[in-house]
Amino acid sequence: VQLQASGGGLVQPGGSLRLSCAASGRSFSSYTMAWFRQAPGKEREFVAAIRWSGGNLAYADSVKGRFTISRDNAKNMLYLQMDSLKPEDTGVHYCAAAPSVIVGQIRTPTAYYYWGQGTQVTVSS
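Residues numbered from 1 in each chain as written. Predicted model: local features only at pLDDT ≥ 70, side-chain atom pairs only at ≥ 80, totals over all residues. Heavy atoms only, no water.

Caption draft 1: Quick peek at the pairing of strand S7 (residues 67-72). Burial along S7 is one-sided: the face carrying Phe67, Ile69 and Arg71 is buried and the face carrying Thr68, Ser70 and Asp72 is not. Of the pairings in the sheet, the one linking S7 to strand S8 (residues 77-82) comprises 6 bridges and is antiparallel in character. Across the sheet, Phe67 pairs through a bridge with Met82, a residue of S8. Between S7 and the antiparallel strand that follows it, S8, lie 4 residues; Asn76 among them carries a positive phi value of about 55°. (Buried < 20%, exposed > 50% of the residue type's maximum accessible area, 1.4 Å probe, protein only. Helix = DSSP H or I, 4+ residues; strand = E, 2+ residues; numbered from the N terminus. Pairing = 2+ DSSP bridges.)

What follows is the structure, given as structure tokens:
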């Protein structure tokens, strides 16, 4: 599976962005997919994850109620709709995939085998 993230940019606080992740590979529809982000000088952190069926969604507490993860298996696409953005959302955002992830590991970067190149999100006035 190869992943290509896009959609980042510069946005003012309170604004919105929609990230996309294009996946190649026949098994995309069966994979657990996730978004992570990394701010300068900080560790990569979990943002959101979605199971192959679109169910069993998980969000970081810091983005719950503001971000929505979704997928379109027919198009091999993963999305992250980000609303009410805050300066602390700034960072490189990565999409990730794994054939299967147990519930207890869904927020752990090392549980994911495949990673996109990342797209920069900057929230600033």
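Caption draft 2: A look at the nonpolar core. One finds Met33, Trp35, Ile69, Leu78, Leu80, Met82 and Tyr112 to be the most contacted residues of the largest nonpolar core, which totals 38 residues. If one sorts the elements of this core by residue count, strand S5 (residues 45-50) sits on top with 5 residues. Contact partners of Met82, with chain neighbours within four places excluded, come to Gly15, Ser16, Leu17, Leu19, Arg66, Phe67, His93 and Val121. (Core = buried A, V, L, I, M, F, W, Y, C linked by side-chain atoms within 4.5 Å. Contact = heavy atoms within 4.5 Å.)

Caption draft 3: Seen up close, the environment of Ala58. Take Ala58: it is sitting in strand S6 (residues 58-59). Classification of Ala58 as buried rests on a relative accessible area of 10%. For the pair Ala58 and Phe46, spaced 12 residues apart in sequence, the C-alpha separation works out to 9.6 Å. With near-sequence residues (within four places) excluded, Ala58 lies in contact with Phe46, Val47, Ala48, Ala49, Ile106 and Arg107.

Caption draft 4: Summary view of the environment of His93. Positionally, His93 belongs in strand S9 (residues 91-98). Given a relative accessible area of 0%, His93 falls into the buried group. Note: C-alpha distance between His93 and Val121 (28 residues apart in sequence) is 6.9 Å. A polar contact is formed between the side chain of His93 and the backbone oxygen of Gly91, at a distance of 3.0 Å. (Polar contact = N/O pair within 3.5 Å; in protein donor to acceptor, adjacent residues only side chain to side chain.)

Caption draft 5: Highlighting the sheet that holds S8. Taking strand neighbours across the sheet as the criterion, the 4 strands line up as S1-S3-S8-S7 in an open arrangement whose pairing is antiparallel. Every interior strand has two partners, whereas the edge strands, strand S1 (2-6) and S7, have only one. For this sheet the average axis-to-axis angle between neighbouring strands, irrespective of direction, equals 15°. Here S1 pairs with strand S3 (residues 17-24) via 5 bridges, running antiparallel. In the strand pairing of S3, Ala5 is matched with Cys21. (Axes fitted to C-alpha atoms, helices over the stretch in contact; angles between N-to-C directions.)

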